[in-house]
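Tertiary structure, described
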Amino acid sequence: MKIFNRIESNVRSYCRSFPTVFTRATGATLIDEGGRRYIDFLSGAGALNYGHNNERLKARLLAYLESDGIVHGLDMATTAKREFLETFDRTILRPRGLSYKLQFTGPTGANAVEAALKVARNVTGRSNVVAFTNGFHGVTLGAVAATANAHYRDAAGLPPGGTSFMPYDGYLGDVDTTDYLDQVLRDQSSGIDHPAAVIVETVQGEGGVNVASLEWLRRLEAICRRHSVLLIVDDIQAGCGRTGPFFSFEEAGIRPDLVTLSKSLSGYGLPFSLVLMRPELDTWKPGEHNGTFRGHNLAFVTATAALDEYWQDDQLTTDVRRKGRTVAAALESIVSGTAPELLSARGRGLVRGLDCGSGDLAAQACATAFDHGLVIERSGSDGQVIKCLCPLTIEDAELAQGLEILRESVAAAVADATAPLSSAAGAAR
Ligand SMILES: Cc1ncc(COP(=O)(O)O)c(C=O)c1O
């Protein structure tokens, strides 16, 4: 690891949690240069829903490269882009009765968020945007202004502005937080400038696996409509099947005005981002939001292959729900069998969190898991939530093995954390 520590910027983060040099990967397995194998419950922070080097997608990518297909084409029309547009329309939009224009942005999720916020602000002529406590939307200036965590906001170099934060579902316990939003938007004297849009994650991935109820999402949509505010669903982490259906908002039956997608959209871990918008919102002038790597052709090829291979029927959705129940049951049993007073579990589909109540406890459990061959990360304001984000295509046996490593690691961390208390109690007796 010497060269990384010597000349790579201090900003590096995941390699600190997983201090080894990875060299190969397939499916849910990562292999380091020493030949050690790890089960991957991180999945590129949600960018590898179909696993590493998915065979079904790799064949299409290799054939495209072999044929000298266009790799880089700015935003020129290519056969690969046409195939993606046709397949996305036929496979995803039409069956769901959705009519959106597609904007390919620069390849990061943050760039899609930037574009969606610009659209909302330019179309409405309003600058304020409502975002939520614990929300995460990326770290470029516009996106970080909609991101709640001070760790990212403080690094922006400018005071991030143009956003007002509202409590997410569950932030105030049993209180329905949409009532507060409704009241604020209704009241000329609330001090909140009437927003262009509300931007929301249906499940807050980075924010600690906080799950908005379907009812809360429906009320949020109704409030947006009532007050003529655009609804942006940031589906960058929760979309592409992570919660079950292709879009995470489908179960709620809502229809966002704009949707951001990235991470697993390419299906192969290739950088690729997209904004979906109602056609009448597409008031862009040519090139106003541009970038050299908009809609990369290799990503078009693998994204099309992913839609062909996994989204022609509801098999993957069914499988995600089934595996999601397996993970939920395993986490519940870790909670009840280890420390019900310290731990709690939550999630939807295959984004599941184990709240350890403390960042230190979660960090220790994740470090032990890594030592035992499981790559798994933390989220939440204090890093207190262990986030299970395995590939959707993980084999059942590998899933069970990963969950067992997690159980042992959490049990060991809890035992360590509570040991001084037990020995003190023992001594007192
Ligand atoms: C919901 C959400 N939005 C936006 C982003 C930013 O994406 P990127 O890191 O590709 O800029 C992330 C990244 O984790 C995310 O989870």
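Please refer to the structure placed before this passage.
Attention here is on the structure that accompanies the text. Computed from a prediction, not measured in an experiment: that's the story for all the values here.

**Notes on the site of the ligand**
- Close to the ligand lie Thr108, Gly109, Ala110, Phe136, His137, Gly138, Glu201, Glu206, Asp234, Ile236, Gln237 and Lys263.
- Interatomic distance of 2.9 Å between a backbone N/O atom of alanine 110 and an oxygen atom of the ligand.
- Between an oxygen atom of the ligand and a side-chain N or O atom of lysine 263, the distance comes to 2.9 Å.
- Relative to its unbound accessible surface of 390 Å², the ligand loses 82% to contact with the protein.

**Some words on the environment of asparagine 111**
- Residue position: asparagine 111 is located in helix α6 (residues 109–124).
- In the structure, asparagine 111 is positioned 37 residues away from leucine 74 in sequence and 16 Å away in space, judged by C-alpha atoms.
- Ignoring anything within four residues of it in the chain, the contact list for asparagine 111 reads Thr105, Gly106 and His289.

**Comments concerning the packing of helix α9 (residues 177–186) against helix α10 (residues 214–226)**
- As a packed pair, α9 and α10 sit with axes 10 Å apart at the nearest point and diverge in direction by 5°. Taken as axis vectors, α9 and α10 run roughly parallel relative to one another. Along its contact with α9, which presents Thr177, Thr178, Leu181, Asp182, Leu185 and Arg186, the element α10 presents Trp216, Arg219, Leu220, Ile223 and Arg226.

**Comments concerning the sheet that holds strand β16 (residues 377–379)**
- Here we have four strands laid out as an open sheet, ordered β13-β14-β17-β16, and antiparallel in their pairing. A single partner strand is all that each edge strand has here, and the edge strands are β13 (344–348) and β16. Recorded for the sheet is a direction-independent mean angle of 30° between the axes of neighbouring strands.
- Bridging between β13 and strand β14 (residues 351–355) involves five bridges; their strand directions are antiparallel.

**Overview of helix α11 (residues 297–310)**
- Over its 14 residues, α11 runs 20 Å from end to end, which matches the ideal 20 Å to within 8%, given 1.5 Å per residue.
- Where burial is concerned, most of α11 is hidden: 12 out of the 14 residues are buried.
- Among the residues of α11, those classed as buried are Asn297, Leu298, Ala299, Phe300, Val301, Thr302, Ala303, Thr304, Ala305, Ala306, Leu307 and Tyr310.
- Along its buried surface, α11 packs onto α4 (55–66), α5 (79–93), β4 (101–104) and α12 (315–338).

**Here's the deal with a nonpolar patch on the surface**
- A cluster of nonpolar side chains, Met1, Ile3, Phe4 and Ile7, forms an exposed patch at the surface whose accessible area comes to about 350 Å².
- With respect to the secondary-structure elements, isoleucine 7 resides in helix α1 (residues 2–7).

**So, α9**
- Those residues of α9 not exposed but buried are Thr177, Thr178, Leu181, Asp182, Val184 and Leu185. One side of α9 carries all its buried residues, which in axial view fall inside an arc of 165°.
- Residues of α9 that are buried sit in contact with β5 (129–132), β6 (163–166), β7 (197–200) and α10.

Conventions adopted
- Residues numbered from 1 in each chain as written.
- Predicted model: local features only at pLDDT ≥ 70, side-chain atom pairs only at ≥ 80, totals over all residues.
- Heavy atoms only, no water.
- Near = heavy atom within 4 Å.
- Polar contact = N/O pair within 3.5 Å; in protein donor to acceptor, adjacent residues only side chain to side chain.
- Areas by Shrake-Rupley, 256 points an atom, 1.4 Å probe, with all protein chains shown as cover.
- Helix = DSSP H or I, 4+ residues; strand = E, 2+ residues; numbered from the N terminus.
- Contact = heavy atoms within 4.5 Å.
- Axes fitted to C-alpha atoms, helices over the stretch in contact; angles between N-to-C directions.
- Parallel < 35°, antiparallel > 145°, perpendicular 65-115°, else oblique.
- Pairing = 2+ DSSP bridges.
- Expected span 1.5 Å × (residues − 1).
- Buried < 20%, exposed > 50% of the residue type's maximum accessible area, 1.4 Å probe, protein only.
- Patch = residues over 30% accessible without salt bridge, like charges linked within 9 Å, V, L, I, M, F, W, Y side chains within 5 Å.
- Salt bridge = Lys/Arg side-chain N within 4 Å of Asp/Glu carboxyl O.
- Arc of directions from axis to C-beta.

Remember, this is a structural readout, not a statement about activity or role.
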